[in-house]
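# Results of the structural survey
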Amino acid sequence: MHQKWQRWSTASRKWLWILVVLGIIAAMPVAYDRYQTESSANNVELVFNYRGLAEVASYQAHPEQFMQEQLDKLKAAGITSMAMFESTLDDFKKSRRLMVYNAQDIAQMTQSVVPTDENFTYILFTNEENAGRLTPLIEDTFKSLDINVKPWEFHDQKGLIIETSPEDAALKPMQPDPIAFEMLRSKGFHVVPRMSDSLPYDQEAMDKLLAYYEANDVKRILFEGDSVKGFNDNKDKHSLQSFANLLNQHGIGIAAIENTKKPQAGMNQLAYYIHYNVVRLYSLSDKDAQLDEDTIADRFALATKDRNIRMLYINTAASKNTAKATVTNSIDNIIKSLDEPGHAIKQMEKNGFTMGRAEAFHITDSSLQRYFKMVVVLGGVAFIALMISYFLPLLTLPAFVLGLIGSAGLYVLKPTLFEQALALFVAISGPTVAMILAVRKLNALNNADSQLSTGRRIAHAIVLFIKTSIISMAAIPFVIALLNNITYSLVLNQFRGVSLLHAAPILLIAVFVILYRGGKPFQQIGKLFRTPITLLWVVAGVLIAGVGMYYLSRTGNGGKVSSIEMVIRPFLENTFHVRPRNKEIFAGHPLFLLGIFLSIRYRNAVYLMIVAVIGQLSMVDTFAHIHSPMKISLARDLLGMGIGLILGLIAILVWQIAEGCWKKWSPRLRKQ
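Here we summarise the structure given alongside this text. Just so you know, the residues in each chain are numbered from 1, in the order the chain's sequence is written. Only residues with pLDDT of 70 or above have their local features reported here, since the model is predicted, and side-chain atom pairs are shown and tallied only from 80 upward, although totals for entire chains, interfaces and linings are computed over all residues. Water and hydrogen atoms play no part in the side-chain values, which are based on all heavy atoms of the structure.

### Quick look at the side chain of Lys305
Condition: Numbered from the N terminus, helices here are DSSP runs of H or I no shorter than four residues, and strands are runs of E no shorter than two. Counted as a polar contact is a pair of N or O atoms within 3.5 Å, where, for protein atoms, one must be capable of donating a hydrogen and the other of accepting one, and residues adjacent in sequence contribute only when both atoms are in side chains.
One can find Lys305 in helix α13 (residues 293–306). In terms of polar contacts, Lys305 uses its side chain to reach the side chain of Asp306, at 2.9 Å.

### Remarks on the nonpolar core
Cut-off, in case you're wondering: Each nonpolar core is a collection of buried residues, namely Ala, Val, Leu, Ile, Met, Phe, Trp, Tyr and Cys, held together in the definition by side-chain atoms within 4.5 Å. Partly exposed residues are those whose accessible area sits between 20% and 50% of the maximum for their type, while under 20% is buried and over 50% is exposed, using a 1.4 Å probe and protein chains only.
Counting residues in each nonpolar core, the largest one holds 82 residues, and the members touching the most others are Phe383, Leu422, Phe592, Ile596 and Met609. Examining the composition of this core, we find that 14 residues originate from one element, helix α18 (residues 415–448), more than from any other. By size, the runner-up hydrophobic cluster in this structure holds 69 residues, among which are Ala271, Leu284, Leu490 and Leu492.

### Regarding empty space enclosed by the protein
Put simply, the rule is: Here a cavity denotes a set of grid points, spaced 1 Å apart and computed over the protein atoms alone, in which a 1.4 Å probe fits but from which it cannot get out, and a pocket denotes an open set meeting protein on both sides within 12 Å along at least five of seven lines; residues with an atom within 4 Å of a point are reported as lining. Grid points are joined across faces, edges and corners, and a volume is the space filled by probe spheres set on the points. Nonpolar residues are Ala, Val, Leu, Ile, Met, Phe, Trp, Tyr, Cys and Pro. Charged residues are Asp, Glu, Lys and Arg, and all others, Gly as well, are polar.
Applying the stated criterion across every chain yields a total of one cavity of 30 Å³ or more. Lining the largest cavity are Leu442, Asn443, Asn446, Arg517, Ser599, Arg603 and Val606. With three residues, the top contributor of residues to the lining of the largest cavity is α18. In terms of residue class, the lining of the largest cavity is built from two nonpolar, three polar and two charged.

### Describing the packing of α18 against helix α26 (residues 582–599)
We apply this condition: Fitted lines through C-alpha atoms serve as axes, helices being fitted only where they are in contact, and the angles separating the N-to-C directions of these axes extend from 0 to 180 degrees. Comment on the angle field: the value is read as roughly parallel under 35 degrees, roughly antiparallel over 145, roughly perpendicular from 65 to 115, and oblique elsewhere. In this description, contact between two residues means that some pair of their heavy atoms is separated by no more than 4.5 Å.
Two elements in contact, α18 and α26, have axes whose closest approach is 9 Å; the angle formed by their N-to-C orientations is 25°. Here α18 lies roughly parallel to α26, going by the angle between them. Taking contact as the criterion, the partners of Met435, Ala438, Leu442 and Asn446 in α18 are, on α26, Phe592, Ile596 and Ser599. Broken down by class, the residue content of the contact of α18 with α26 amounts to five nonpolar, two polar and no charged.

### A closer look at the environment of Asp365
As for its placement among the helices and strands, Asp365 is situated in the loop between β14 (354–355) and α16 (369–389). C-alpha of Asp365 to C-alpha of Tyr32: the two residues are 333 residues apart in sequence and 9.8 Å apart in space. Here the side chain of Asp365 touches Gln369 through a polar contact of 3.1 Å, side chain to side chain.

### Quick word on the side chain of Thr164
With respect to the secondary-structure elements, Thr164 resides in the loop between β6 (157–162) and α7 (166–169). On the basis of relative accessibility, which here comes to 13%, the residue Thr164 falls in the buried class. For Thr164, the side chain forms a polar contact with the side chain of Asp168, separated by 2.8 Å. Excluding anything up to four places from it in sequence, Thr164 contacts Asn119, Phe120, Thr121, Phe142, Ile147 and Ala169.

### Let's talk about unusual backbone geometry
Following Glu340, the chain continues to Pro341 via a peptide bond in cis, the omega torsion being 5°. Mapped onto the secondary structure, Pro341 falls in the loop between α14 (331–338) and α15 (344–350). Phi is positive for His238, close to 50°, though the residue is something other than glycine. Positive phi values are uncommon outside glycine, yet Asn259 reaches one of about 55°. Locating Asn259 in the fold gives a position in the loop between β9 (253–257) and α12 (267–273).

### Considerations on a nonpolar patch on the surface
The criterion, for reference: Excluding any residue in a salt bridge, patches collect residues exceeding 30% relative accessible area, merging like charges within 9 Å and nonpolar Val, Leu, Ile, Met, Phe, Trp and Tyr side chains within 5 Å. Surface accessibility follows the Shrake-Rupley procedure with a 1.4 Å probe radius. Residue values consider only the protein chains on display as shielding. Salt bridge, as used here: a side-chain nitrogen of Lys or Arg that lies within 4 Å of a carboxyl oxygen of Asp or Glu.
On the surface, Trp15, Ile18, Val21, Leu22, Ile25 and Val375 cluster together into a nonpolar patch covering about 550 Å² of accessible area. Top element by residues in the nonpolar patch is helix α1 (residues 2–38). It accounts for five residues. Looking at the secondary structure, you find Trp15 in helix α1. For Trp15, a relative accessible area of 55% corresponds to the exposed category.

### Things to note about the pattern of salt bridges
Considering all chains together, one arrives at 16 salt bridges under this definition. We note a salt bridge from Lys187 to Asp72, for which the minimum N-O separation is 2.9 Å. Remark: Asp72 occurs in helix α3 (residues 63–77) and Lys187 occurs in the loop between α8 (178–186) and β7 (190–195); sequence separation between them is 115 residues. In this structure Lys187 comes out as partly exposed when scored by relative accessible area, which is 23%. The partner of Arg280 in a salt bridge is Glu258, and the shortest N-O contact between them spans 3.5 Å. Residue Arg280 is located in strand β10 (residues 278–284), and its partner Glu258 is located in the loop between β9 and α12; the two are separated by 22 residues in the primary sequence. Several salt bridges share partner residues, and in doing so they unite Glu258, Arg280 and Arg307 into one network.

### Some words on the sheet that holds β6
Selection rule: DSSP bridges decide pairing: two strands pair if at least two such bridges lie between them.
With respect to topology, four strands assemble into an open sheet ordered β3-β4-β6-β5, the strand pairing being antiparallel. A strand with exactly one partner marks an edge of an open sheet, and here the two such strands are β3 (98–101) and β5 (149–154). Going across the sheet, the axis of each strand differs from the next one's by a mean of 25°, ignoring polarity. Sheet strands in contact with helix α6 (residues 128–144) are β3, β4 (121–125), β5 and β6, and its direction is about 10° off that of β6.

### So, the pairing of β4
Summarising burial for β4: five of the five residues are buried, a large majority. Two elements, β3 and β4, share four bridges in a ladder whose sense is antiparallel. Bridge pairing in β4 places Tyr101 opposite Tyr122. Bridge count for β4 against β6 is four bridges, and the pairing is antiparallel. Its bridge partner being in β6, Tyr122 is matched across the sheet by Ile161.

### Considering the packing of α18 against helix α27 (residues 608–624)
Pairs of packed helices are described in terms of their axes, by the angle between the two and the distance that separates them. Applicable threshold: The handedness criterion is simple: a crossing whose near helix is rotated anticlockwise from the far helix by less than a right angle is left-handed, and one whose near helix is rotated clockwise is right-handed.
Their axes nearest at 9 Å, the elements α18 and α27 cross at an angle of 140°. As far as their axial angle goes, α27 and α18 are oblique. Crossing geometry of α18 relative to α27 is assigned as right-handed. Facing α18, whose interface residues are Ala427, Pro431, Met435, Val439 and Leu442, α27 presents Met609, Ala612, Val613, Gln616, Leu617 and Val620.

The structure is reproduced here in C-alpha cells:
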C-alpha cells in the first residue's frame, strides 16, 4: 500500500503541473485588466505648499510683493496647484490680515489694569476688507464650539473679542483664507485644500464648504494629521459615510500620502465609500527641497514611473543661514529642479506622463474575472502541493486536497487574508520548485560525467539558468491575479510576508541540498547529528547569521540602502531607464551560473545554489510590489536576467583564470 501511494503521489505531479499551467493561462486576462487599470491615468499634478510659501514671504522686507513674484515664477515653472491648509489665527497674523493681542497687551495699550478673571483673545483687522471677509468666518468657527465672540474696536480699527485664551484660540482651525483662495484662483492655480479632523464633525457646515469648493473647481482634497475627516466621530455619527456621500455628491476625490509613519486612520474605509477616487501623493519635505536639482528631479521621475504616484507635493520653509547672515529658502532650487538644469518635467513627459490634474485610476474589472480567479486558486494550490511533494512525497495529494478546503474556508471567513496567504505561498513555491529541479539536474550531470568540457559546462549553465528562471517566474501570474485589487495599487492595503518570501526559499533549498540531494534524508539527518561541532562551524554560523540579518534588513520598502548602492542605483537607472535589482545582478544570477558551472565538476559546489536562490525569489518579489506598474516590474526582471547572465559569464571566466593559475603555481608552492 505504501508503495502504491508513493507511485500515485509521484504520478500526481504531472496533473499538478497541468493545473499550474491552467492557472497561468487563467491569470493572463486578469493581468490584462490590471494593465488597463494602470494605464488609465497618466496626469501628474504638481502641488506647492502655500502655507510654506506664506511663511517664507513673512520674512521678506516686502511680503506681498515677494509673494506675487514667487507665485508667478512657480506658475511659469510648471506648478499647477496650491495646497491650502485650514487657517488659524497665526496664519492670518503672518499674512498680515489681523493682529492678535492678549489681556496684558490690551491693558498696556489702554493704560488700564489687567483683568483678574479674564483671559480673552483680542483681534484687530488690518483693513476693512479683511474685517468684512474674515469676521463671519471667525465667528462661525468659534460659535460652533460654544465660544462667544463679540465685536470690538480700537482707534477706529474693527476687531473681535474671542472669549477664550489666545493659546486655545490659536489651535482652532478655520476654513482656508478666502482672500488668498481667490487670489490663487485668479492667478490660474487649482486649489488642493487640506482638512484636519480636530473639530467635531458638522454635516451641514461640511456640505456648505464642499459646495464652495466644487464651485471653485476643487477636484481633490488632502488630509492633515493622523486621521481623515470624520474618523473621530464615526462611532457616534457615522460621519465617514456621511462625509463620503458629500464627496461623491460634489465630485471631489482624495489623496493618499506615500510612506507616512502610520497610515491616516479611516483612509481605507473612506476610500471604499468614494469608490476609490484616490490618487497617491509623494511629499518632498522642506529639508529634501534643498537637495541638488538632479536628485530632486530623479525622485519625481521615479515616483511617477515606478510607484504610480500622480501628485507631487512640494514643501518649502524659511531657514536661517548664520554663515551668510541671511534667511534663505528652497523656492529657486525647486524651480531649477522642475525646469533647468533638473528637467524633472521633461523627464516625466518623456516617460509618457502629462502635467495636469491628477485623476484616479479607472478600475477595469471584467465580468469573467472572478471565474478566472477560481482557476488561478486551483493552480496556486497545485503549485504549493508540488513544492511539498519534493520534500514529503506521501503528502502530495493530501496537501492539495487540504489546500483546497482551507482556501475555501479562509475565503469565506477572511478573503483578504486568503488572497495574501495564497499569493505568498505560491511566491515561495515558484523559486523553490525551480531551484530543486535545478539541483536535481546538477546531480544527474555530475553523476553522468563530471569531466565535461568547459564549453559544454557553460552551455548547461546558460540553458539551466533560463529554464530555472522561467519556472520561478511561473509564480508571477498567480501573484498578479490574486492581488489584483486597487487597494494594493494605492497601498491602502499591503502585501504581507515579504520577509518570509525572502527567507523561506533559502531555508528550503538549504534543507533540500543538505538532506535530500543524496535521496536519503533520514540518513543525512543522522549523519549531521553525529558530526562533531568545531570552532570553524561556530565561526561560520556567526558569519551566516550576520549576513542573514543584513539581507533581511534590506527587504521591504523600508530596507536599508548602503552608500555604494546609492551611487550604483542612479547609474543603472540612467543607463537602462529601468533599474534592475542589485541582489539579482550582483549576487543571485551570477552565483547561479557560477554554481552550475562548478557543480557539474565539483559536487560540493552545489552549496552555492543556496545563496543563488536569492536571484530567483527576487524576480517574483518584484511583482509583489503592487504599487509598481507591471511593465516596470517585467522590465526589471528581464534586465536583471540579462545583466546577471553577463556578470555570471564573467565570474566563470575569472574562475577559469584563477583555477588555471592555481594548477600552474600550486605544485611549486607545495615544494617550497
